[in-house]
Amino acid sequence: MTALDGIGAGTSDSASAAASEPGAAPRRSPTRLASFAVRLFPDDWQSRYGAEFGALLDATPPSIRIAFDVLVAAVDAHVHPTGPRRRWPLMIERLRISELTVFASWVVLVVAGLAFQRMTEGAPLAAIAAGQPAVGWAYAAIIGGAVVSLLAIAFGGVPIALAIGRTAVERRRWRQVGLLAVPPLSLAAWIGVTLLLIGRGDPVAGDPWRIIAFLAWVGTFVAAATASTVAVSAAALDADVDAALYRRAVAPSRLAAIAMMAVTAAVVAWGVALGVTTPGALWGSEGILGTSTILTWVVVAFVMTAATAVAVRAARNTTLDLAA
Amino acid sequence: MQRATSDRIATRDPGLLILASLAAGPRHGYAMVEDIARFGGARLGPGTLYGALARLEEAGLIEPLDSPDRRRPYRLTDAGSAVLSNEIDALEQVVLTVRNRLAEQTT
């Protein structure tokens, strides 16, 4: 009696269930659709469950519900690796998630910071920053915090990214190499769009092209930042690098979260200082695309506060993860 | 009818449904899906099924068997049988309590 003979041996119910399966003698290899679905899962998961999961997918009629179910399971398998072949202790898995959360939150803060920078680089607000010490100091604190957060992210993240890249090339994991290529390609695309827009010249105020150009520029940046963050996170979640790298990144991730708090507090202080020293400027129209200054400031401060809150929570979790 | 039964609260836990299905003997993925649809009224998606299978295997509640083709059957371990038994006892206790309360309301 083979092991498969046991299927359906329990009850007549199970026997009929096995017999009713379409393609009782399954193909030796999965269909292209099933193969694509299996490749959404982590490498170790694929090597353990890929063949049997592919067989089940081949026997399951495709539908939107099934596609969504598989997609959710693939994300879950990346975020919460399970099974006997889980690579690392749970502590390291949680640590990795917490640090990636800090990184993603930092990217969101950078995007909001770009909008703030765009608003404050105009002549009126730049002059106020130079003439009003309170506004100037707040602006200097924003720049200082941004630089510290950038250095912290680079100090903690670059060694991990290099290790992922080196391992991917050595083991010929081209999917990971492709994921790591997304940030430089995204940056190149954004620079290309910027140069294209510069080449068309500076449109006059009120020209609809000005709004379209600005939205294209910002949209490309947001898309590039999102794609880069998702790609790097996916590569990190699927990579088998030295766990010590994630332990070493704990201090930089906490420093990055603290610097993000400083930047957010300074942005809030900047708006308050502007309102106290030069109320007319705060209620003016120096915001993005000539909109209200205070509206742009409130939106930027809100996005930064939300991103910082997520980063601080994740950075605090790194302590719990290490203690687990 | 199918819609109504799939909304049952107690039968929404894929892990419990898988253990219950394997209580009748070893089964592979598709056979489990069909069996669970029949007795539990819920058709598990492939991703849901294998997410739960991986967790149950990691917990040592089920174990894979050898297979000559791509379909791999699983069976309950002793620990899995014990957990299933405990879960059923707990469910029975809930059912008994709720029945009594409903009976008290109607009298």
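Look up a bit, the structure's there.
What you are looking at is a predicted structure, and each value in this text was computed from that prediction instead of being measured. (Residues numbered from 1 in each chain as written. Chains lettered and ligands numbered in written order. Predicted model: local features only at pLDDT ≥ 70, side-chain atom pairs only at ≥ 80, totals over all residues.)

As a further point, take the nonpolar core. Counting 54 residues, the largest nonpolar core has A:Trp106, A:Leu109, A:Met260, A:Val263 and A:Trp270 as the members making the most contacts within it. Listed by contribution, the elements that provide at least two residues to this core are α5 (90-120), α6 (123-131), α7 (133-170), α8 (174-199), α9 (208-237), α11 (250-277) and α13 (293-323) of chain A. (Core = buried A, V, L, I, M, F, W, Y, C linked by C-beta atoms within 7 Å. Buried ≥ 20, exposed ≤ 12 C-beta atoms within 10 Å, placed from the backbone. Helix = DSSP H or I, 4+ residues; strand = E, 2+ residues; numbered from the N terminus.)

Turning to unusual backbone geometry, a few remarks are in order. Residues and elements named next belong to chain A. For arginine 172, which is not a glycine, the phi torsion comes out positive at approximately 55 degrees. Position of arginine 172 among the secondary structure elements: in the loop between α7 and α8. Overall, arginine 172 belongs to the exposed group, with 8 C-beta atoms counted inside 10 Å.

A word on helix α3 (residues 43-58) of chain A. In an α-helix, one full turn covers 3.6 residues, which means residues spaced three or four apart are oriented alike. Approximately 65 degrees is the largest bend angle found in α3(A), and it occurs at A:Tyr49. Within the sequence span of α3(A), burial applies to A:Trp45, A:Arg48, A:Tyr49, A:Gly50, A:Glu52, A:Phe53, A:Gly54, A:Ala55, A:Leu56, A:Leu57 and A:Asp58. Among the structural elements, α2 (32-38) and α4 (64-79) of chain A together with α3 (29-40) and α4 (46-58) of chain B are those in contact with the buried residues of α3(A). (Bend = angle between axes of the 7 residues up to and from the residue. Contact = placed C-beta atoms within 7 Å.)

Okay, the packing of helix α2 (residues 14-22) of chain B against α3(B) next. Residue and element names in this part refer to chain B. Where α2 meets α3, the axes come as close as 10 Å, and the angle between the chain directions of the two elements is 100 degrees. Regarding the angle of α2 to α3, the classification is roughly perpendicular. Together, Leu17, Ile18 and Ser21 of α2 and Met32, Asp35, Ile36 and Gly40 of α3 make up the contact between the two elements. Considered class by class, the residues forming the contact of α2 with α3 number 4 nonpolar, 2 polar and 1 charged. (Axes fitted to C-alpha atoms, helices over the stretch in contact; angles between N-to-C directions. Parallel < 35°, antiparallel > 145°, perpendicular 65-115°, else oblique. Nonpolar A, V, L, I, M, F, W, Y, C, P; charged D, E, K, R; others polar.)

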